[in-house]
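Okay, here's what each chain looks like letter by letter:
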Amino acid sequence: MKKYEYLLFDADNTLLDFSKAEYLAFRETCSASGIEFSEELYSTYSEINDSLWKKIEKKEITLDFLKLERFRLLLRSIGNEECEETLKKAGEMRDLYIESLAEQSCLIDGAEECVAALSKKYKMYIVTNGIAKIQRKRFFASSIKQYFSEIFISEEIGAAKPSPLFFDQVLERIGESDRSKYLVIGDSLTSDCDGAIGYGIDICRYNPNNLPDNGRKLTYNIEKLSELNEIL
């Protein structure tokens, strides 16, 4: 077993239940915007949002563009014309969604027990892609904030996982350049796994649904967070 000193945890759908938070925030945004919520509409939003975040990872678009574009495309999908009024409404929905999502700090089952135990042996940090206003408020409202030394957010760093530039900044700020001392824990094959593997850091994929790794050489693969405690 390798001896790690630093654990770099992804936030969303690794420790924080982003799927639940996003669902609640989207439903509240629709209600406040006079749009009838439905599961089909949420599915459409999720597809739009996921595709835009993939473009963020590939450096094809900016985060500011994503914030507005996902709602512009959503409104277009339900029949709104391309006009100044639609763009204004998309901006209003963007702001409502950010405010609502920032209030959601639900945890993944077992997250607090996991990090509480590990914090006695390791220095731990959050490494997350996302909007700083949302991520900071959600994290500091959660019961796990006490176990982490710092939170690193892509919007503040100026680069997003899986970019090496993101990890360059993280290691520089922590003050330890030896990559063998780090372990990344996250759920995403692209941002977390590809980011860690490409940077030469060991990766533990949190994979509760036992999804395929598509040929990636993962250091560890777990279905429950409690398994991480057993590994370490």
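The structure reproduced in this document is the subject of the present report.

Cut-offs used in this document
- Residues numbered from 1 in each chain as written.
- Predicted model: local features only at pLDDT ≥ 70, side-chain atom pairs only at ≥ 80, totals over all residues.
- Heavy atoms only, no water.
- Helix = DSSP H or I, 4+ residues; strand = E, 2+ residues; numbered from the N terminus.
- Buried < 20%, exposed > 50% of the residue type's maximum accessible area, 1.4 Å probe, protein only.
- Contact = heavy atoms within 4.5 Å.
- Areas by Shrake-Rupley, 256 points an atom, 1.4 Å probe, with all protein chains shown as cover.
- Lys, Arg positive; Asp, Glu negative; His and termini not counted.
- Charge placed at Lys NZ, Arg CZ, Asp CG, Glu CD.
- Arc of directions from axis to C-beta.
- Polar contact = N/O pair within 3.5 Å; in protein donor to acceptor, adjacent residues only side chain to side chain.
- Expected span 1.5 Å × (residues − 1).
- Salt bridge = Lys/Arg side-chain N within 4 Å of Asp/Glu carboxyl O.
- Disulfide = S-S within 2.5 Å.

**A short note on the overall build of the protein chain**
Stage number 1. Scanning the protein chain from N- to C-terminus turns up ten helices and six strands.
Stage number 2. Over its C-alpha atoms, taken along the principal directions, the protein chain stretches across nearly 60 × 30 × 30 Å.
Stage number 3. Counting across all 232 residues of the protein chain, residues that qualify as buried make up 50%.
Stage number 4. Nonlocal contacts in the protein chain, meaning residues at least 24 apart in sequence, comprise 61% of its contacts between residues at least 6 apart.
Stage number 5. Carbon and sulfur atoms provide 47% of the accessible area of the protein chain, an area that totals close to 11200 Å².
Stage number 6. Across the protein chain, the mean location of the 31 positive side-chain charges is 4 Å away from that of the 41 negative side-chain charges.

**Details of helix α8 (residues 164-174)**
Stage number 1. When α8 is considered as a whole, its buried residues turn out to be Phe166, Phe167, Val170, Leu171 and Ile174. Summarising the axial view, the buried residues of α8 lie within an arc of 120 degrees, below the 170-degree limit, and thus occupy one face.
Stage number 2. Tucked inside the fold, the buried residues of α8 contact β1 (6-9), β2 (123-128), β3 (150-153), α7 (154-157), β4 (182-186) and α9 (189-199).
Stage number 3. The N-cap of α8, judged by a side-chain oxygen 3.1 Å from the amide nitrogen of leucine 165 a few residues on, is serine 163.
Stage number 4. Glycine 175 sits one or two residues past α8 and shows a positive phi near 95 degrees.

**Thoughts on helix α2 (residues 39-57)**
Stage number 1. The end-to-end C-alpha separation of α2 is 27 Å, in line with the 27 Å expected for 19 residues at 1.5 Å each.
Stage number 2. Lining the buried residues of α2 we find α1 (18-33), α3 (63-77), α4 (84-101) and α9.
Stage number 3. Among the residues trailing α2, lysine 59 stands out with phi positive, at a value near 65 degrees.

**Digging into the pattern of salt bridges**
Stage number 1. Across all of its chains, the model carries 15 salt bridges by this definition.
Stage number 2. Measuring nitrogen to oxygen at the nearest pair gives 3.8 Å for the salt bridge that ties glutamate 5 to lysine 181. Residue glutamate 5 is found in the segment before β1, and its partner lysine 181 is found in the loop between α8 and β4; the two are separated by 176 residues along the sequence.
Stage number 3. In this structure glutamate 5 comes out as partly exposed when scored by relative accessible area, which is 35%.
Stage number 4. A salt bridge links aspartate 12 to arginine 138, with the nearest nitrogen and oxygen atoms 2.7 Å apart. Residue aspartate 12 is located in the loop between β1 and α1, and its partner arginine 138 is located in helix α6 (residues 132-141); the two are separated by 126 residues in the primary sequence. Residues aspartate 12 and arginine 138 agree in their burial class; the two are buried.
Stage number 5. Residues joined in a network through salt bridges with shared partners are Glu69, Arg72, Arg76 and Glu82.

**Details of the state of the cysteines**
Two cysteines form a disulfide when their sulfur atoms are joined by a covalent bond.
Stage number 1. Summed over the entire model, instances satisfying the criterion amount to zero disulfides.
Stage number 2. Cysteine 204 supplies the cysteine sulfur nearest to cysteine 114, a cysteine that is in no disulfide, at a spacing of 8.9 Å.
Stage number 3. A relative accessible area of 2% means that cysteine 114 is categorised as buried.

Limitation: the analysis is restricted to geometry and does not speak to function.
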